[in-house]
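As a plain string of letters, each chain reads:
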Amino acid sequence: MSTLRANAATLPANLKRGMRPGVRPEDDTLTHRMRRNFFFHLHPVRVATRTLEPKATLGLGVITLTLFVVLALSGVLLMIYYIPTPGEAYTSTQDIEYAVTFGAFLRALHRWAGHAMVLTAFLHLLRVSFTGAYFGRELNWTIGLGLFLLTLGLAFTGYLLPWDQLAFWAVSVSSNMLDYIPWVGGFLKRILLGGREVGQAALIRFYMLHVAFLPGLMLGLIVLHIWRVRKDGGLACDPEAPENASSVPVRPHLLLREAVLVLVLLTLLCLTATFVTAPLGGAPDIHNPSNPEKTPWYFLWIQEMVSYSAPVGGFVFPGVLLAGLFLLPLLEREQEGVGRWFGRPGNPAVLGVSLVMGLAFFVLLEWAFMHQGVVSWLASRPPLSRDLFNPATGMLVLSVIVFAVTGILTRSTRAAFHAAIVVLLVAVIGFTLVAWCRGPMWAFFWPWEEWTLVR
Amino acid sequence: MSDRELEHQHRLLRISLLVAVCALLCVLVLIVIRTQQAPWRVLQERFLALNPADAEGSDALGIRQYYTCAREVDRCPTCHLGIDRSDLADESVPLPFRAHGPGLGRHLPDRVGCSACHGGSGRALDPLVAHGRPDQDARDPLMCQPHIQASCARCHVPGARAGQEYLEQGAWLYLGLGCMLCHPLHEGGRGGLDFGPDLTMIGRKDTDYLRDSLIEPTKNFPGSTMPSFRLALKKEPVATESLLIYLESLVLDRYPGCGTRERTRSLVSRPCATCHAGEEGDASGRLKHRCPYLLKKSDELRCANCHATGIPPAGRGGGYCPLLKQHREACSACHDSRG
């Protein structure tokens, strides 16, 4: 009994020692504590003072990571109620939305965080591109690209799960776009859907991909991604540049900033999820496709290009974009201005010019194809002319021209690549906005116009 | 950045951290409060204020639902708290709490549910969604009289029971106007003249769309060759509604509820008579139709145009007949595919 009493008296000390095996009392110094802390393994001990400035990274990596954690936690909670069978997927989603306590909040949180993650991952990609931070980090750049594709995959597979009218037709039309990939497209579609059409097999595959396979892969790649950032010398900066010489300890300077950012983000997310409910349409109806059938917003640009030319929009344009992004750190190896926005001081002006050119050419192309009867003229030409003359090919050609001209004039590969990216960015955002405005029969309506069946 | 600047920022950041934590906590509290103020909870409190006696039992509060024979969930009684209470049938009881009117017959709410007849989203607790207003895209609209008659066709032959006047008249009009010449009523079928789309699921469309399509077909389909029924229907609002109600009935599957199951069981011992309350039918032999309902109507229906016997057999042709469409399954309990 006396031993028990003695043990009880030293319980706090024993608990502290027991929970930290192998730590001797004399090791309990700041250095040792930092070495043991999980969060310090994500960070170096010191960071360059310059990278603390908000404009250096815009905090996009931290935001994306936070969104991933939010999605994982809310997703696990949603899994408690969700049933992945065609008969019960929709009704169980209705139950989550209407009957489960905090269910509507969780669903909205998961949905908006998912959409936000696609956006922030994309912005993160742009930030790394335009600051030239990929220099000498080919592996991590490739991992990052993979993470971006995984984010798209997760968002897309999650889109089907509510199994409502919106989800059913959006996934049907998106998976049909796989057909435009030559040779392997049809095979990929069959693998993804487990058949020719969206049905029971597709639902269980999407569910498996969404809750197990893709998040697992993503978690692994995120760990690798963050580890490589440390191994590659910290946040985007050239360690030899004089402005990066001064540094500060991560704790408290970086950690405090990250904590504030995460908390503000969580507050905004919770507010959005409370006041903006996640959409839930009617039960899926295979007899009545919605008109227009639209893909999720992050694939709208592809759908818009496909409406002009399937091979270019569905394969050539996205393929060139992806290949170009993959090759970027291999072909563009200028060390000057790494970590600085747009590299050399003269480059922003160059990018401004290419932005204006891209916008002007895009508007011209859309105007020509919408009002000037170009489409009907092309319809009377051989089929190949549709693939050669369409807005997607036009923007692709412009980006190549801008790339070559900028390269020759500025003698900077970075300026050339950045200019080409700006033009392609205009194309992607432009096509997305145009497709967003499309109404029934894929006719164009301004946002303030009412949709009518007959234009 | 100088040391002093860093120090200043550090102080600012610590204050912002405190503010951010407080903001997040406030938002979390807000979420809990909003959940407590859901419309159905507010309604239930109003109900308890009006009927203090119900506050004693604890089962009046919370989500109440009917789990129907068709394994559907209808949460309507969560707000319609007096729907099955005879003591609240009076007109003076405010609307969401009043009991259901007379005429339910054997349609017991706890077996058939609400949405099987009324439409709407039975699972939803949000009043807008549950009542399926037309602005709620593609959700089943709430059916009021007389449109609720469309739901009768889920189990009953149009006109076989009282209270389906619109539905019955609609079915006759469908025959009389010659709709079935072009529009088949079986899935994947083609019309007699080989150009009308199949109308099996047309009831999914909302009422306004259907009305437009009837009166001015080119409004929804510019290239439509369907004649306009503007002149025929303009002065006949009841006829238009009847036809609309019949079309609305076309989407509905047979209600897989308690009635069907019982009927199927009894079909084995008492074929036909179970469905058609008349003399006992005889299912042996080629066809010995003794269904009084059909016998009575067969001349009007011009059954002989399609059926050599003069009285419709169940096995073939039945799919085209708008009066029998809903009953094919029941017929096939006696008649196999060869008739």
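Per-chain numbering applies: the sequence of each chain, read as written, is numbered from 1 onward. As a convention, the first chain written is A and the first ligand written is 1, with the rest following in written order. Reporting in this predicted model follows two pLDDT cut-offs: at least 70 for local features of residues, and 80 or more for side-chain atom pairs to be given and counted; totals over whole chains, interfaces and linings ignore these cut-offs and use all residues.

Quick notes on the overall build of chain B
Only DSSP runs of H or I reaching four residues or more are called helices, and only runs of E reaching two or more are called strands; each is numbered from the N terminus. Each helix and strand counted, chain B has 14 helices and two strands in total. By residue count, 30% of the 339 residues in chain B fall in the buried class. Any residue pair is listed as a contact if its two C-beta atoms, each placed from the backbone, are within 7 Å. For chain B, the proportion of contacts with a sequence separation of at least 24, taken over those separated by at least 6, is 46%. The exposure label follows from counting other C-beta atoms within 10 Å of a residue's C-beta, where the C-beta atoms are placed from the backbone and the thresholds are 20 or more for buried and 12 or fewer for exposed, leaving partly exposed in between.

Quick look at the environment of Glu72 of chain B
Residues and elements named next belong to chain B. With respect to the element layout, Glu72 can be found in the loop between β1 (66-67) and β2 (73-74). With 20 C-beta atoms packed within 10 Å, Glu72 lands in the buried category. For the pair Glu72 and Arg123, spaced 51 residues apart in sequence, the C-alpha separation works out to 8.5 Å. Non-local contacts of Glu72, meaning those with residues more than four positions away in its chain, are made with Gly113, Ser115 and Gly122.

Topic: the nonpolar core
It is characteristic of soluble globular proteins that their nonpolar side chains tend to be buried jointly. Counting residues in hydrophobic clusters, the biggest one holds 107 residues, and the most contacted among them are Met305, Ala419, Ala420 and Val423 of chain A. In terms of residues, this core owes the most to one element, helix α20 (residues 413-437) of chain A, which gives 15 residues. Of the domains in this structure, domain 1 (41-289) and domain 2 (291-449) of chain A are the two that each give at least three residues to this core. Leave out the neighbours within four places in its chain, and Val423 of chain A touches Ser354, Gly358, Met395, Leu398, Ser399 and Val402 of chain A. Counting 22 residues, the second largest nonpolar core, distinct from the first, contains Cys152, Ala171, Leu173 and Tyr174 of chain B. Note on terminology: a nonpolar core is any set of buried Ala, Val, Leu, Ile, Met, Phe, Trp, Tyr and Cys residues joined through C-beta atoms within 7 Å. All the domain ranges listed were derived from an automatic or database domain assignment.

What about the interface of chain A and chain B?
Note: interface size is frequently given as the accessible area lost on complex formation between the parts. Each partner contributes residues to the interface: chain A has 31 residues there, and chain B has 30 residues. Mapped by element, the contributors of at least two residues to the side of chain A that touches chain B are α7 (86-98) and α13 (250-275) of chain A. Among the elements that line the side of chain A that touches chain B, the one with the most residues is α13 of chain A, at 13 residues. Polar here means any residue outside two lists: the nonpolar Ala, Val, Leu, Ile, Met, Phe, Trp, Tyr, Cys and Pro, and the charged Asp, Glu, Lys and Arg; Gly therefore counts as polar. Counted by class, the side of chain A that touches chain B contains 16 nonpolar, 12 polar and three charged residues.

Description of the packing of helix α6 (residues 60-79) of chain A against helix α12 (residues 200-231) of chain A
Residue and element names in this part refer to chain A. It is the contact of α6 with α12, at a shortest axis distance of 12 Å, that shows an interaxial angle of 155°. Classified by the angle between their axes, α6 and α12 sit roughly antiparallel to one another. Of the two possible hands of crossing, α6 and α12 adopt the one that is left-handed. The residues of α12 that touch α6, namely those facing Leu65, Phe68, Ala72, Gly75 and Met79, are Val211, Pro215 and Ile222. When its residues are assigned to classes, the contact of α6 with α12 shows seven nonpolar, one polar and no charged. To obtain each axis, a line is fitted to C-alpha atoms, and for helices this fit is confined to the stretch in contact; angles are then taken between N-to-C directions over 0 to 180 degrees. Roughly parallel means an angle under 35 degrees; roughly antiparallel means over 145; roughly perpendicular covers 65 to 115; every other angle is labelled oblique. What makes a crossing left-handed is the near helix being turned counterclockwise from the far one by less than a right angle; a clockwise turn instead makes it right-handed.

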